[in-house]
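# Structural description and commentary
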Amino acid sequence: MQRRDFIKVTVLTVMAMQLGDVISLVPNAIAGEVPKLTNFVTFNTLAKNIKDIVRVPSVCLNCSSVCGMNVLVKDGEILGVEGNKEDPNSQGKLCAKAHGGVSSVNYPDRIVYPLKRVGKRGEGLWKRITMEEVYDTMAKRIKKNIDGGHPEQVVFHQGRNKMGDITGRFMDAIGSPVILNHRGLCSSNKRAANYTTIGDTSWETLDAVECKYLLNFGSNFFETHQGGLPLLKRFAEGRLKGCKLVTFDVRLSNTAGRSDEWFAPFPASEGVVALAMANVILENNLEDKNFLKEWCNTSLEEIKEFVKPYTAKYAAEVSGLEESDIKRVAIEFAKAAPECAAFTNRGSQAHYNGLNNDRAVVMLNAIVGSVGKKGGYAFGGSKNKGAKSFAMPKPVPPKPKFTTDLEDPKLYPLANKWQKMRVSVLAFDKLKEKKHKIDMYISYTISAPQTWPEGPSITVDALKDESIIPFHVCSDIVYSEMAHYADIILPDATYFERYTIEGRNAYELSPYFALRQPAVKAPADCENLADTLIKVAKRVDKNVAKYFTFDSYEEFIKIRLSSLPSRDGLSGFEYMKKHGVWIEDKPKNYEPYNKILSKEALENSFIKDEIIYVSKKGKTKAIGIMKDGVPRKGLKTPSRKFEIFSQTIKDAAVSVGIKDDGFPHFEMPKGLKEITEDELVLTTFKWGVHTQARTGSQKYLAEIVHDNPMWINASTAKKLDIKTGDYVEITTYRPKEGYKASQKQEIVAKMSIKAFVTEGIHPQVIAISNSLGMDFGGRVPKASNGDKQNIPAFTKIEDRSLDGYIWWDKEKGGTGNGFNPNHVIPINPAPIVGMQAWNDTVCSVKKLG
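Quick caveat: nothing in here was measured; it's all calculated off a predicted structure.

### Observations concerning the overall build of the protein chain
Within the protein chain, the secondary structure is distributed over 27 helices and 30 strands. Here the C-alpha coordinates of the protein chain stretch approximately 80 × 70 × 60 Å along the principal axes. Across the protein chain, the fraction of contacts at a sequence separation of at least 24, relative to all contacts at a separation of at least 6, is 74%. When the accessible area of the protein chain is evaluated, it comes to approximately 32000 Å², of which 50% is carbon and sulfur surface. Of note, the protein chain has its 118 positive side-chain charges centred 3 Å away from the centre of its 101 negative side-chain charges.

### As for unusual backbone geometry
With an omega of 5 degrees, the peptide bond between Ala-337 and Pro-338 qualifies as cis. Of note, Pro-338 is situated in the loop between α13 (323–335) and β13 (340–344). In this structure, the amide linkage connecting Lys-394 to the following residue, Pro-395, adopts the cis form with an omega of 0 degrees. By the element assignment, Pro-395 lies in the loop between α15 (354–368) and α16 (427–432). One non-glycine residue, Asp-75, lies in positive phi territory at about 55 degrees. By secondary structure assignment, the location of Asp-75 is in the loop between β4 (68–74) and β5 (77–83). Classification of Asp-75 by relative accessible area gives partly exposed; the value is 43%. Of note in this structure, Asp-721 is not a glycine but carries a positive phi near 60 degrees. Among the secondary structure elements, Asp-721 is positioned in the loop between α26 (714–719) and β26 (727–733). Taking the relative accessible area as the measure of exposure, Asp-721 reaches 44% and is therefore partly exposed.

### Considerations on the environment of Ala-537
Along the chain, the position of Ala-537 falls in helix α19 (residues 529–540). Taking the C-alpha atoms as reference points, Ala-537 and Met-171, separated by 366 residues in sequence, lie 9.7 Å from one another. Not counting chain neighbours up to four residues away, the residues in contact with Ala-537 comprise Phe-170, Val-544, Ala-545 and Phe-548.

### Let's talk about the sheet that holds strand β12 (residues 261–263)
Strand order in the open sheet formed by 4 strands is β12-β11-β10-β13, with parallel pairing between adjacent strands. Unpaired on one side and paired on the other, β12 and β13 mark the two borders of the sheet. On average, each strand axis in the sheet is tilted by 15 degrees relative to the strand beside it, whichever way the strands run. On the sheet, α15 packs against β10 (213–217) and β13 and is oriented at approximately 170 degrees with respect to β13.

### Quick look at the packing of aromatic side chains
Tallied over the entire structure, the rule returns 33 aromatic pairs. For the pair Phe-306 and Tyr-310, a centre-to-centre distance of 6.1 Å together with 70 degrees between the ring planes defines the contact as edge-to-face. For the pair shown, Phe-306 and Tyr-310 are each scored as buried. Consider the rings of Tyr-553 and Phe-556, whose centres lie 5.7 Å apart with planes at 20 degrees: the pair is stacked. Residue Tyr-553 and its partner Phe-556 are located together in helix α21 (residues 553–561), separated by 3 residues, close to a single helical turn. The class for Tyr-553 is buried, based on a relative accessible area of 1%. Here the aromatic cluster, defined as three or more aromatic residues joined through ring pairs, consists of Phe-306, Tyr-310, Tyr-314, Phe-645 and Phe-663. Between Arg-251 and the ring centre of Phe-685, over which it is positioned, the NZ or CZ distance is 3.6 Å.

### Side note on the pattern of salt bridges
If charged atoms from side chains of opposite charge come close, those side chains can pair. Tallying each qualifying case throughout the model produces 49 salt bridges. As a salt-bridge pair, Lys-241 and Glu-210 come within 3.3 Å of each other at their nearest N and O atoms. Of this pair, Lys-241 sits in the loop between α7 (228–240) and β11 (244–248) while Glu-210 sits in the loop between α6 (188–197) and β10, placing them 31 residues apart in sequence. Between Lys-432 and Asp-461 there is a salt bridge, and its shortest N-O distance comes to 2.8 Å. Of this pair, Lys-432 sits in helix α16 while Asp-461 sits in helix α18 (residues 455–464), and the two are 29 residues apart along the sequence. Exposure remark for Lys-432: the relative accessible area of 33% places this residue in the partly exposed category. Its relative accessible area of 35% is what places Asp-461 among the partly exposed residues.

### Remarks on the sheet that holds strand β27 (residues 747–758)
Spatially, 6 strands are ordered β24-β28-β25-β27-β26-β30 in a closed barrel, and the strand pairing comes out mixed. Strand after strand, the sheet turns through a mean of 45 degrees between neighbouring axes, direction not considered.

### What about the nonpolar core?
With 87 residues, the main nonpolar core has Leu-214, Leu-215, Phe-248, Met-277, Phe-333 and Leu-364 as its most contacted residues. Top contributing element to this core by residue count: helix α9 (residues 270–283), with 10 residues. Excluding residues that lie within four positions of it along the chain, Leu-364 makes contacts with Leu-215, Ala-274, Met-277, Ala-278, Ile-281, Phe-333 and Ala-342. Residues Val-155, Leu-426, Ile-712 and Val-728 belong to the second largest nonpolar core, which totals 62 residues.

### Focus on the pairing of strand β16 (residues 488–491)
Side chains Ile-488 and Leu-490 project from β16 onto one buried face, and the interleaved Ile-489 and Pro-491 project onto a second face that is buried too. Two strands pair when backbone bridges link them, and strand β6 (residues 115–117) and β16 are joined in this way by 2 bridges, in the antiparallel orientation. Looking at the pairing, Leu-115 lines up with Ile-489 of β16. As paired strands, strand β15 (residues 471–476) and β16 are joined by 4 bridges and run parallel to one another.

### Observations regarding the domain arrangement of the protein chain
With domains assigned, the protein chain is organised as domain 1 (3–104), domain 2 (115–186 + 392–583), domain 3 (204–368), domain 4 (591–648) and domain 5 (670–847). For domain 3 and domain 4, the distance between their C-alpha centroids amounts to 29 Å. At the interface, 11 residues of domain 3 touch 15 residues of domain 4. Both sides together, the interface formed by domain 3 and domain 4 hides about 1200 Å², and carbon and sulfur atoms give 64% of it.

### Some thoughts on the environment of Gly-834
Tracing the backbone through its elements, the reader meets Gly-834 in the loop between β29 (797–798) and β30 (841–847). Among the residues examined, Gly-834 registers a relative accessible area of 0% and is labelled buried. The residues touching Gly-834, leaving out its near neighbours within four places in the chain, are Gly-184, Ser-188, Tyr-412, Val-423, Val-425 and Pro-829.

### Side note on the packing of α9 against helix α12 (residues 312–319)
In contact at an axis separation of 8 Å, α9 and α12 are set at 165 degrees when each is read in the N-to-C sense. Overall, the two elements α9 and α12 adopt an arrangement that is roughly antiparallel. Where α9 crosses over α12, the handedness of that crossing is left-handed. In this structure, α9 uses Val-272, Val-273, Ala-276 and Val-280 to contact α12, whose residues at the interface are Ala-312, Tyr-314, Ala-315, Val-318 and Ser-319. Among the residues forming the contact of α9 with α12, the class breakdown is 8 nonpolar, 1 polar and no charged.

### Digging into helix α4 (residues 131–147)
The end-to-end C-alpha separation of α4 is 24 Å, in line with the 24 Å expected for 17 residues at 1.5 Å each. The inward-facing, buried residues of α4 contact β8 (154–158), α5 (164–174), β14 (440–444), β15, β16 and α19.

### Looking at helix α23 (residues 647–655)
Regarding α23, the residues found buried are Thr-648, Ile-649, Ala-652 and Ala-653. Here the buried residues of α23 occupy an arc of 125 degrees about the axis, which is enough to place them on one side. Of the exposed residues in α23, the ones pointing more than 90 degrees away from its buried face are Val-654 and Ser-655. Among the structural elements, α6 and α15 are those in contact with the buried residues of α23.

What counts, and at which threshold
Residues numbered from 1 in each chain as written. Predicted model: local features only at pLDDT ≥ 70, side-chain atom pairs only at ≥ 80, totals over all residues. Heavy atoms only, no water. Helix = DSSP H or I, 4+ residues; strand = E, 2+ residues; numbered from the N terminus. Contact = heavy atoms within 4.5 Å. Areas by Shrake-Rupley, 256 points an atom, 1.4 Å probe, with all protein chains shown as cover. Lys, Arg positive; Asp, Glu negative; His and termini not counted. Charge placed at Lys NZ, Arg CZ, Asp CG, Glu CD. Buried < 20%, exposed > 50% of the residue type's maximum accessible area, 1.4 Å probe, protein only. Pairing = 2+ DSSP bridges. Axes fitted to C-alpha atoms, helices over the stretch in contact; angles between N-to-C directions. Phe/Tyr/Trp six-rings, centres within 6.5 Å; stacked < 30°, edge-to-face > 60°. Lys NZ or Arg CZ within 6 Å of the ring centre and 35° of its normal. Salt bridge = Lys/Arg side-chain N within 4 Å of Asp/Glu carboxyl O. Core = buried A, V, L, I, M, F, W, Y, C linked by side-chain atoms within 4.5 Å. Domains from an automatic or database assignment. Buried area = accessible area lost by both parts, 1.4 Å probe. Parallel < 35°, antiparallel > 145°, perpendicular 65-115°, else oblique. Left-handed = near helix turned anticlockwise from the far one by under 90°. Nonpolar A, V, L, I, M, F, W, Y, C, P; charged D, E, K, R; others polar. Expected span 1.5 Å × (residues − 1). Arc of directions from axis to C-beta.

Right, dumping it as structure tokens:
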């Protein structure tokens, strides 16, 4: 059956079902036999149809690397995807996630009609309603809160939302500042470290093709680094030229395993290793004196004094590495300068001390002078144009003039300073403790019960309680953990069925952006949330509707891209639809800080303490720095230089009662510092085929990775009499400092899991991958063969492979659907920024049975 027939049969099926009939979306919720399926999907194959396919340029969204792709379509059916060679980042390459994402479109357990809860929240009883009812219900609820003087009681909570232009506009229009995201669970320590040192971007862009030495602290860019595939491709080219890769990671990741050298430091010790390397480089006079003098806000003498206590010997004692290795690697790295780069990711930054860990690593680039250099630590001067580069349709709603502690917690003053990184890890706990009153909660592309620390307990408690969250609207593709606790479920469009302006840091070091566009029509009532919000806004009242003079998100995108000049006889929008990307004709942006400011940029400027400022509309902004009488761009920090000392961090720390002198000192998290010989550290990681919960229902990706046993070192396992395949019990404890700290061994939770014994992990560390162990989302994430539940809620179309061919189903002798480690990990936001310290969880392990 082709996709056009899939849509047709779907509509006919639901026409036969009366609106308002009770539907059960959980097993045994209501009595009655599930009707036997009679229609089965027979998918066309690409091999049989390659001649007549249409290529629709678009962008993958199965992870944050957003690689350009061509969607291969015939007769309204997606047959596959291929890399878009015009995309400057991915250059025609795609990973398994991009190919696996296709199965989300015709997933038989996909929600294709709006549903309204009729039983108790979380009971799983629903009735089908119309989209018109959805629009009216949402609009009336929002208007009630506006009229009551409390628009902030309407909350929007997003996961990987690539439509912030319209969701932000919607929330501004109704007057609510409460937009939550997941950045505090993902990358906020790393972003803050980059902003406070180079000030230009939230992500570095390594010039890996020309690099001779890469020093990697905690990044698994072979699989999951943001922009990982573009970086991997360029590293492969650089390796052919002799680039050396040295990785520091507690686990033998795919990147570590393919490095020239792998070191497994004790968790959270990455910062002290980096500081010791800085010390070694300075002791051997291998620093770039000119860069430090011209472009660093701290003198060479001050830097030497700062790193003096961090000797290689001390770092070896803390990290467990060899002193000789620390010295050797530091010297090798410095001698490769400026064609070298030190960089980070989750392994170093997802700690209570992660901000300074990453600042210390990034500092190495300044000391050897590789910042912005060819083959070095390139960065934001290459930033893509991105969605924010295009003007919004007028009139533009004003930003709310107030904030709340839910989305802007005062205990974490840097959480929202540069980007809206929030501290959403605290959101459900705050709601549960009645610290913030809300009335309407809209969730989008997020599965907090699965992906939040203590999700199945604190998150679920808040979502189930109608006195805490009176009304929950969830937009999702499947019946997820989040949808299960909603009052209305909106059938969302997949990323193959909607528009978005896209981009990432540009690995070719020239600005670009991309366009995601529909390759096929969304089935039945499935609708992009952006279009839903536009229709809702028009119904709230005239004060909200006036900001939505367009009728669709496609029209909105057209207006935004209308500022693009014509190319090849096409308007900017039509050019984007044809090619998928827009690349600026600019040379590679090396040393952006050295660029001389133009006369136009200097209009209405003035100089104070060598910093160049401009005043526009009553606001003063630094734009450059005078260097030897020449106005140069500089870095985008307050000093317009690379900042080893950060007044921003010092002031932020003081504002919340933390003593900090503004330098990236090392301090081991208290729980790890006081860990006993019998305790271990639980860390988590991602496989290259999964992204949080959103890939769980994609059958080909689930087939590749569906099990996630606990990694444990062979020597540790021997002491505990644990062998591969044995079940063990993990008991986790609350941290000894920070949020809900406990000096006693206060238990967070326990879980049982299979063990995987390996030499590829630090002896005092255990590791579990996330993204698995789901209770909802259909048969694929649950690894459960058989008929789908209550077919009339969706469609009578079925995929035969889901009834008997899920070979990892436990009932067929398989491993099952894995384990979710997040429920045993305590909520633990790091100071000042609020990043979740995923990798600091102290635990004990014992063999079961």
